[in-house]
Amino acid sequence: MAYVQQARTTADPATYERAEKALRRSLAVQSDDNTNAQIGMGALAAARHDFPTALTWAQKATTSDPYNPVAYGVLADAYTQLGQYPASYDAVQRMNDLRPDAPALARASYTFELRGQTDQAVALMRRSLEAASTAGERSFAHAVLSTLALQTGNARQAWIEAEAGLRNAPGDSGLLEARARAETALGRAERAIADYQAAIAIAPLPHYLLGLGELQQSLGNRKAAEAQYAVLRGQEAIRRSGHTPADTDAILFEADHGQPARAVTMAQEALKTRQFIAVHDAYAWALHQAGHNAEALAQADQALALGTRSALFLYHRAVIHDSLGDVAAAHADLRAALRTEPHFHPLHAASARALLNRIDNTP
């Protein structure tokens, strides 16, 4: 489990192999009633974005020990990413019934975040922070609270949450990235760049690289942006060689900065094992960029079906509506996106305002 966590925080896929070797050895030594190894295998599969396998292991773990809350956490994660949301809510409730600790409360918060109920999500995440018993749990809670503040357009509060976390964990890459996004929204570009660079030095995760690259591009620093994009292309080559599904950041990067047709293929492959709303959104955007707007709209609708408050999802659907000639729907989505999070993206937020202005001023 330590190897799984290390791989998540360092973006080193070789660590997953060490995790699997240890877990397989554990199962060989004790094949029956080895709940911890089953949980570990489920968490490992989820980290690799193999969610059907994660579900299988989680179901084995909850069968071998129906009173293990950690097993229900892995089960909830698998159901969520497979798009089986009611089942995920039930698993989260069971986890909290057994032990309402920081991980259980954090998952409960996420169920409300997915449904766009931000106030409830914030309240539960604050309870998770209060219940946190490790530095990692506290850092995670502060990072999520920062993200939730951004989703309501409160960039100042987002910065405060990230800053509070960094006082206790100055080397946490997730908190550095959270502060960078808050600083971007506050117009503090140079500070944001420094925080992104610090986060990437710790863990070159794709969404850090993409965030920094697009911020640099928005500032006109094309050469600096391309340096981040080059690393992303290298990571994508490694992913393809390993035949693992693409994450949403890779799909969106390919759609915006590469070959949209390839992004469509990547999204189709990802959806085979991950029917999550973010994948539907990435697929919608890839389809739009490739010129398939009717198909794109169906995917964009699925991405927003739970009521999730995502300015990026709304912007994507607005552009698709506009491309299909539905100006009224585009206008509604644009207003909702900018009301939700005015500075939701270094490049697309400006495009959203420009499109809204064009629609408002078209006779």
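Our subject is the structure that appears above.
The rules we used
- Residues numbered from 1 in each chain as written.
- Predicted model: local features only at pLDDT ≥ 70, side-chain atom pairs only at ≥ 80, totals over all residues.
- Heavy atoms only, no water.
- Core = buried A, V, L, I, M, F, W, Y, C linked by side-chain atoms within 4.5 Å.
- Buried < 20%, exposed > 50% of the residue type's maximum accessible area, 1.4 Å probe, protein only.
- Helix = DSSP H or I, 4+ residues; strand = E, 2+ residues; numbered from the N terminus.
- Contact = heavy atoms within 4.5 Å.
- Axes fitted to C-alpha atoms, helices over the stretch in contact; angles between N-to-C directions.
- Parallel < 35°, antiparallel > 145°, perpendicular 65-115°, else oblique.
- Left-handed = near helix turned anticlockwise from the far one by under 90°.
- Nonpolar A, V, L, I, M, F, W, Y, C, P; charged D, E, K, R; others polar.
- Salt bridge = Lys/Arg side-chain N within 4 Å of Asp/Glu carboxyl O.
- Phe/Tyr/Trp six-rings, centres within 6.5 Å; stacked < 30°, edge-to-face > 60°.
- Lys NZ or Arg CZ within 6 Å of the ring centre and 35° of its normal.
- Expected span 1.5 Å × (residues − 1).

**Student:** In this structure, what is going on with the nonpolar core? I would like to understand it.
**Tutor:** Soluble globular proteins tend to pack their nonpolar side chains together in the buried interior. Core analysis: the largest hydrophobic core is formed by 47 residues, its most contacted members being I251, F276, Y315, L334 and F344. Where this core is concerned, the elements lending two or more residues are α6 (85-98), α15 (248-257), α16 (260-273), α17 (277-289), α18 (293-303), α19 (311-323), α20 (327-340) and α21 (348-360). For this core, the element with the most residues is α17, which contributes nine residues. When sequence neighbours within four positions are dropped, the list of residues in contact with I251 reads A246, A263, M266, A267, A270, A282 and A286. By size, the runner-up hydrophobic cluster in this structure holds 23 residues, among which are I39, L75, A78 and Y79.

**Student:** Just checking my understanding: could you explain the packing of helix α4 (residues 51-64) against helix α5 (residues 69-81) for this structure?
**Tutor:** Two measures define how a pair of helices packs: the angle their axes make with one another and the distance between the axes. It is the contact of α4 with α5, at a shortest axis distance of 8 Å, that shows an interaxial angle of 150°. With respect to each other, α4 and α5 are oriented roughly antiparallel. The chirality of how α4 crosses α5 is left-handed. Facing F51, A54, L55, A58, Q59, A61 and T62 of α4, the residues of α5 in contact are A71, Y72, V74, L75, A78, Y79 and Q81. By residue class, the composition of the contact of α4 with α5 is 11 nonpolar, three polar and no charged.

**Student:** Would you take a moment to explain the pattern of salt bridges for this structure?
**Tutor:** It is possible for side chains of opposite charge to pair when their charged atoms get near one another. This structure, assessed with the given rule, holds 18 salt bridges. E183 is the salt-bridge partner of R179, the closest N and O atoms lying 3.8 Å from each other. One end of the pair is R179 and the other is E183, both in helix α11 (residues 173-185) and four residues apart, which spans about a single turn. E183 carries the same exposure label as R179, and that label is buried. The residue R239 makes a salt bridge to E236 at a minimum N-O spacing of 2.6 Å.

**Student:** In this structure, what is going on with the packing of aromatic side chains? I would like to understand it.
**Tutor:** For any pair of aromatic rings, the description rests on two quantities: the centre-to-centre distance and the angle between the ring planes. Taken as a whole and assessed by the stated rule, the structure comprises three aromatic pairs. Judged by centre distance (5.8 Å) and plane angle (45°), the ring pair of W285 and Y315 falls under tilted. Here the residue W285 occupies a position in helix α17, and Y315 occupies one in helix α19, the gap between them amounting to 30 residues. Note on accessibility: W285 and Y315 belong to one class, buried. Here the aromatic rings of Y315 and F344 are separated by 5.7 Å at their centres, their planes lie at 45°, and the arrangement is tilted. Remark: F344 occurs in the loop between α20 and α21 and Y315 occurs in helix α19; sequence separation between them is 29 residues. Across the pair, exposure class does not vary: Y315 and F344 are buried alike. Each member of the aromatic cluster is reached from another via a ring pair, and the members are W285, Y315 and F344. Taking NZ or CZ as reference, K60 lies 4.3 Å from the ring centre of W57, over its face. The side chain of R115 reaches across the aromatic face of F112, ending 4.8 Å from its centre.

**Student:** Honestly, the side chain of T62 in this entry has me stumped. Any pointers?
**Tutor:** Secondary-structure assignment places T62 in helix α4. Judged by its relative accessible area of 12%, T62 falls in the buried class. Apart from residues no more than four positions distant in its own chain, T62 is found in contact with A71, Y72 and L75.

**Student:** Hey, could you run me through the packing of α5 against α6 in this one?
**Tutor:** Where α5 contacts α6, the two axes come as close as 8 Å, and the packing angle between them is 165°. One element, α5, and the other, α6, form an angle in the roughly antiparallel class. The crossing of α5 and α6 is left-handed. Contacts between α5 and α6 involve P69, Y72, G73, L75, A76, Y79 and T80 from the former and Y85, A87, S88, A91, V92, R94, M95 and L98 from the latter. Taken together, the residues that form the contact of α5 with α6 break down as 11 nonpolar, three polar and one charged.

**Student:** Could you clarify how one ought to interpret the environment of D12 in this entry?
**Tutor:** Tracing the backbone through its elements, the reader meets D12 in the loop between α1 (2-10) and α2 (14-29). Once the C-alpha coordinates of D12 and Q93 are considered, the two residues, 81 residues apart in sequence, prove to be 33 Å apart. Once residues lying within four places of it in the same chain are set aside, the contact partners of D12 are A7 and R18.

**Student:** It is not clear to me how the environment of Q157 should be interpreted in this structure. Could you clarify?
**Tutor:** Relative to the elements of secondary structure, Q157 occurs in helix α10 (residues 155-168). Those residues within four positions of Q157 in sequence are excluded, and the remaining contacts are R126 and A149.

**Student:** Where do I start with helix α9 (residues 135-151) in this structure?
**Tutor:** For α9, spanning 17 residues, the distance from its first C-alpha to its last is 25 Å, which sits close to the expected 24 Å at 1.5 Å a residue. Among the residues making up α9, those that are buried are S139, A141, H142, A143, V144, L145, S146, L148, A149, L150 and Q151. The secondary structure elements touched by the buried residues of α9 are α7 (102-114), α8 (118-131), α10, α11 and α20. After α9 finishes, the residue G153 shows a positive phi value of roughly 80°.

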